Structure formats: structure tokens, C-alpha cells
Amino acid sequence: MKIERVELQEILMPLKSPFVTSFGTQEKKVITIVRLHSEGKVGIAESVALAFPFYNEETNGTIWNIMEEFLIPILLENEISHPDDVSSLFSHIRRNNMAKAVLESAVWDLYSRTNNQSLSTALGGSFKEIDVGVSIGIESSIEQLLTVVGQFLNEGYKKIKVKIKPGWDVEPIKAIREKYGYDVPLMADANSAYTLQDIDLLKELDRYKLIMIEQPLAHDDIIDHAKLQAQISTSICLDESIHSLEDARKAIELGSCKIINIKVGRVGGLTAAKQIHDYCASKNIPVWCGGMLEAGVGRAHNIAIASLHNFSIPGDTSASNRYWNEDIVLPEVTTIRPGVIEVPKGDGIGFELNEQVIRKYLTKEVSFGAKSQLGEEEVV
Ligand SMILES: O=C(O)CCC(=O)c1ccccc1C(=O)O
Ligand SMILES: [Mg+2]
């Protein structure tokens, strides 16, 4: 494949309601939509970086800069025979995984559309439908949290993940168990809000039979997580600490976690996500697909990767209406039964862009061609 043109569009969309984590509050999302053109086909993907470098070091600004200055010229200058080539072509550029992932994921979509197959098939997925869970931010009160949990349980979500932070941890978990019982598949995500000094509190959480606790300790740690895992019975799941297959190997060898959350953006693309999936499968480490408050294009890529067999725990791959009043894809992402999303059978991600919605929220548009790598920026 020869990529002839790369288009970037930035949109700003309001979330239905603010999403609060231990690192900050999000009320709207800036999303960069990538379109790659080759021989009449268009491959698409959306960025997952946030507005601030509080989850990882990337932002909407850094990904745009790295794409424009370094990654897009590489895509335009090289013949790509398989999407796996892209991570090799990008490998000398350190980190910037979310910038790499959005372009690489668009190449995967383009490749599968060119071959008239679904992205799930191209990736080697086997599930025809996937179980999905939901991630719930830090709420204003325990009553409010219990109401929200009740609503999502009614909608049939198969895993309830709640965000925790110091001062909002044992109490909300205990309240959920008391009201909804121990059959609810419940987990907590701390987004690195604790240290080993909080060991007593983390041990207390053991009582509530959580299916896992996600990233309790530092974003760049695997040593202390191993020490913690040795002292608690709840499985630790790593999110922020895992950027690559090598990170996953080291964490598993050290015993830092028993489960891994795979996010395509955090690990630099679908090829890396698949490699981590395969490695975890060989080590009997279950994985699940995390989310970054994606709109429909990102959701579609997540659904495709979550169709691989070792994605055995429901992911944060909720339907479009979890975060959005209107989505950027047609059709919107919906459940076919409560808590179940069908893996699309159509070519590529199996969804098309909703141009009307994109135009409504468009803030910036740039196109890069093979001849001139400078591009022309148009601020709308
Ligand atoms: O529903 C989703 O997209 C997942 C939401 C979520 O938990 C999250 C959202 C933004 C940044 C980090 C995280 C996380 O998984 O830690
Ligand atoms: Mg997380």
C-alpha cells in the first residue's frame, strides 16, 4: 500500500456528564480524526490523548506535533505491505505511543478495507460478540454513585469499574456491596493514587472480593506493585505501567500483576496490542480492553481487538450513549443484548464517519500529500 494523503481533523465534543478520576475532571474531549487515502480507499482512526498530561505524558497538542513533524512523513515516504510494518517504521521514535497508535490503527483499517475483510478478521479475532463493562468516575456523593451503578446494572453491563482515590475508596466499594451484593462483577481503578504506605487500606479492599484493582501504585512502577501483589489476594491489573510487550513481560515475570488492561493508544497501536495479548495468553494472564473515553471510531477499533480470544474479561467498551449525545460514526455503537456488543462483519472497523456530526464539532483541519509534506492548515 502506498498512502497518498493523510487528513487530520480535530473536533471538540462535550461529554454527556463530567468524568472525574484521581487525576482530573473531563467535561469535553478533543479528538483528532485521521483519514488515510490509498487507491480510493480510506482508513480511519481517532486519537485517545487527553487535554492534559496527567494520565500519561501525551496531550492533544503533542500527538499533533509528533504526527506532523515525524510520523506522517514516514507514512507518506514508505511502501507498507502489512500494518505490522508501521510499528517497525516508527520504532526509532521514542514513546509518543498515542501519536503512533492513531496512525497505525488507521493503517489497519485501510488494510482490512483494501482486503475486503473486517478488522477483527485481519487481527485474528475469534469472538463474534463481546461482553462489555462500564467505567464510573468519582461521583459527588455515595447516593449519587449508587444511583449511577444501579442504572448501569439495569442496562446490563457485565462489569462495573469504579474510580477510587484517597478519601473515596473503601466507603464507596462497601456501599456498592451492601446495596447490590457480591454477585456484581466489581473492580476499582486508582489511576496511581496510592503508595505502599497505604498498604493497610489496600488490604482492607481485599474484603470486598473485587475482580481486580487497577493501577493502585505509581504510573511508572512495577516493583512496588509486585510487593503489593504478594500481600493482597485481589488481582492487580496494570494500566499506566504497561507501554509495550517488554513492559508486559517484565511485569509478569516480577509478579506485579495477574491481569493486564490493554489500551491500543497506550501501547502504540494494534500490532503491539495483539503481541501483548498473545504473550499474556501464553502466560495465562487474562487481558481486557481499556478505554480512554473514545467516540465511535476508537470504540470500533477497541471492539475489533477485544474479539481476540484472551480478552476474557469485559472491557470498558461501553456503547456510544455512555458518553455521547451523538456519535461520530454511523451506525452508533449499541448493544445487541444487555451488556453485549456485536463485532462488526463489514470491511475494516465496520462503521462509517458521520460527516454531519464531525462538521458540527470541527475545530481544525489539515491535509498532507505525498509531494509536499508541509500541508496546509486551515482553521475553521
Ligand atoms: O470508559 C472508558 O473509556 C474508560 C474510562 C477510564 O477509565 C479512563 C478514562 C480516561 C483515562 C484513563 C482511564 C483509565 O482506564 O484509567
Ligand atoms: Mg485505568
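Residues numbered from 1 in each chain as written. Chains lettered and ligands numbered in written order. Predicted model: local features only at pLDDT ≥ 70, side-chain atom pairs only at ≥ 80, totals over all residues. Heavy atoms only, no water.

Q: Explanation requested: the overall build of the protein in the structure shown.
A: Each helix and strand in the protein was counted, giving 13 helices and 16 strands. Taken over the C-alpha trace, the protein has a radius of gyration of 20 Å; the compact-globule value for 380 residues is 21 Å, and the two agree within 12%. When its C-alpha atoms are laid out on the principal axes, the protein stretches across 60 × 40 × 35 Å. In the protein, buried positions account for 59% of the 380 residues. The long-range share in the protein, meaning contacts at least 24 apart out of those at least 6 apart in sequence, stands at 72%. (Helix = DSSP H or I, 4+ residues; strand = E, 2+ residues; numbered from the N terminus. Rg over C-alpha atoms; globule rule 2.2 N^0.38 Å. Buried < 20%, exposed > 50% of the residue type's maximum accessible area, 1.4 Å probe, protein only. Contact = heavy atoms within 4.5 Å.)

Q: Just to check I follow, could you spell out unusual backbone geometry for this structure?
A: Of all residues except glycine, most have a negative phi; of all peptide bonds, most are trans. Here L330 and P331 are connected by a cis peptide whose omega angle stands at -10°. Among the structural elements, P331 can be located in the loop between β12 (329-330) and β13 (340-342). Notably, R95 is not glycine yet its phi reads approximately 50°, a positive angle. Tracing the sequence through the fold places R95 in the loop between α2 (84-90) and α3 (97-114). In this structure, S192 takes a positive phi of about 65° despite not being glycine. Structurally, S192 is set in the loop between β7 (186-189) and α7 (199-205). A relative accessible area of 21% means that S192 is categorised as partly exposed.

Q: Help me understand the coordination of the magnesium ion (ligand 2), please; the structure alone is not making it clear to me.
A: When a metal carries six donors in an octahedron, the ideal angles between them are 90 or 180 degrees, while four donors in a tetrahedron ideally lie at 109.5 degrees. Within the protein, D189 (OD), E214 (OE) and D239 (OD) serve as the donor atoms for the magnesium ion (ligand 2), at 2.2 to 2.3 Å. Along the chain, the residues that donate to the magnesium ion (ligand 2) are spaced as D-x24-E-x24-D. A residue pair is termed long-range when its members are at least 10 positions apart, and E214 in strand β8 (residues 213-214) and D239 in the loop between β9 (236-238) and α9 (245-254) qualify at 25 residues. D239 matches E214 in its accessibility class, with the two residues each being buried. (Donors = N, O, S within 2.8 Å, 3.2 Å for Na, K, Ca; no water.)

Q: Explain the site of ligand 1 here, please?
A: Lining the immediate surroundings of ligand 1 are 17 residues, of which K163, N191, K263, L293 and Y323 lie closest. Between ligand 1 and the protein, one listed contact pairs an oxygen atom with a side-chain N or O atom of S135 at 3.0 Å. A distance of 3.0 Å is found between an oxygen atom of ligand 1 and a side-chain nitrogen or oxygen belonging to K161. Here ligand 1, which alone exposes 390 Å², has 99% of that area covered by the protein. Considered class by class, the residues forming the shell around ligand 1 number six nonpolar, three polar and eight charged. When residues of the shell around ligand 1 are assigned to domains, at least three map to each of domain 1 (5-116 + 353-378) and domain 2 (121-352). (Near = heavy atom within 4 Å. Polar contact = N/O pair within 3.5 Å; in protein donor to acceptor, adjacent residues only side chain to side chain. Areas by Shrake-Rupley, 256 points an atom, 1.4 Å probe, with all protein chains shown as cover. Nonpolar A, V, L, I, M, F, W, Y, C, P; charged D, E, K, R; others polar. Domains from an automatic or database assignment.)

Q: Sorry, what's going on with α9 here?
A: Count 3.6 residues to each turn of an α-helix, and residues three or four apart come out pointing the same way. What α9 keeps buried is the set A248, A251 and I252. Within α9, the buried residues cover an arc of 95° as seen down the axis, which keeps them to one side. In the stretch just after α9, G255 is the one whose phi turns positive, near 80°. (Arc of directions from axis to C-beta.)

Q: So what exactly am I meant to see when it comes to the domain arrangement of the protein here?
A: One frequent convention defines the size of an interface as the accessible area lost when the parts assemble. The assigned domain composition of the protein is domain 1 (5-116 + 353-378) and domain 2 (121-352). One C-alpha centre belongs to domain 1, the other to domain 2; they are set 23 Å apart. Each partner contributes to the interface: domain 1 provides 43 residues, whereas domain 2 provides 47 residues. Area buried by domain 1 at its contact with domain 2 is led by K16, F19 and Y55, which between them contribute 19% of it. Taken together, the links from domain 1 to domain 2 amount to two salt bridges. One salt bridge in this structure joins E326 and K360, with 2.6 Å as the shortest N-O distance. Here domain 1 and domain 2 share 28 residue pairs in polar contact (both at pLDDT 80 or more) between them. Here the element with the most residues in the side of domain 1 that touches domain 2 is α3; it accounts for twelve residues. (Buried area = accessible area lost by both parts, 1.4 Å probe. Salt bridge = Lys/Arg side-chain N within 4 Å of Asp/Glu carboxyl O.)

Q: Would you mind showing me how to read the side chain of N302 here?
A: Of note, N302 is situated in helix α12 (residues 296-305). What N302 contacts, discounting residues up to four positions off in sequence, is V264, C289, G290, E294 and T317.

Q: Could you clarify how one ought to interpret the pattern of salt bridges in this entry?
A: Under the defined criterion, the tally for this structure stands at 19 salt bridges. Residue K159 pairs with D316 through a salt bridge whose shortest N-O separation is 3.9 Å. Placement of the pair is K159 in the loop between α5 (142-155) and β6 (160-163) and D316 in the loop between α12 and β12, with a sequence separation of 157 residues. Look at D316 and you get buried, because its relative accessible area is 9%. When the shortest N-O distance is used, the salt bridge between R249 and E253 registers 3.1 Å.

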